[in-house]
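As a plain string of letters, each chain reads:
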Amino acid sequence: MSYHRLLITCVFLIAVALTGCSKSTNQHDHEHTSHQMQTASTPLTIVFQKPTAPHVNQKITLNAQVKRKQEPIKDAQVEFEVWSNDKNKQKVKATQPSSGHYESSIQVKEEGDYNIIVHVTTPKEHQMISDHFTVGQ
Ligand SMILES: [Cu+2]
């Protein structure tokens, strides 16, 4: 991508961020969406598997699969960012127990609905998805 086009994209995304929905303004610090590099031809497929019946004060395992087409991506750095409000945000790095499968775990103290962003960085790009899950008492 040329510098010029990148600049226009950035300005556009900043404009969107400034005027955009209030939902995204308060919670998280991932302005780097606007830095998403489009050098790779096909975007990554990131699939987050919701934890099954997570409970407070117990280990909650977080899992994501990263692929391009059907090919597992082995050279990604994956981070899980999890929060239900501004005070309990946490961000953990994942390990890769098997090819293209990234895993980490967290514990939380409060029950309720949690947001998650799966951040994936490869040598070529940064891509992320958001999802949510519910933690029970
Ligand atoms: Cu990210």
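Summarised in this report is the structure supplied together with it. (Residues numbered from 1 in each chain as written. Predicted model: local features only at pLDDT ≥ 70, side-chain atom pairs only at ≥ 80, totals over all residues.)

**Focus on the overall build of the protein chain**
Piece 1. Assigned secondary structure in the protein chain consists of two helices and nine strands.
Piece 2. Going residue by residue from the N terminus, the α and β elements of the protein chain occur as α-α-β-β-β-β-β-β-β-β-β.
Piece 3. The 137 residues of the protein chain split such that 14% are buried. (Helix = DSSP H or I, 4+ residues; strand = E, 2+ residues; numbered from the N terminus. Buried ≥ 20, exposed ≤ 12 C-beta atoms within 10 Å, placed from the backbone.)

**Concerning the sheet that holds strand β4 (residues 77–83)**
Piece 1. Strand order in this open sheet of four strands is β5-β4-β8-β9, and the pairing throughout is antiparallel. Bordering the open sheet on either side are β5 (90–93) and β9 (126–135), each of which pairs with just one other strand. On average, adjacent strands in this sheet sit at an angle of 20 degrees to one another, irrespective of strand direction.
Piece 2. One ladder, built from ten bridges, connects strand β8 (residues 112–121) with β9; its direction is antiparallel. Bridging across to β9, Ile116 finds its partner in Asp131. (Pairing = 2+ DSSP bridges. Axes fitted to C-alpha atoms, helices over the stretch in contact; angles between N-to-C directions.)

**Points about the pairing of β8**
Piece 1. One ladder, built from seven bridges, connects β4 with β8; its direction is antiparallel. Bridged to Glu81 within β8 is Ile117.
Piece 2. Counting the residues that bridge the hairpin from β8 to β9 gives four residues.

All we've got here are geometric facts, nothing functional implied.
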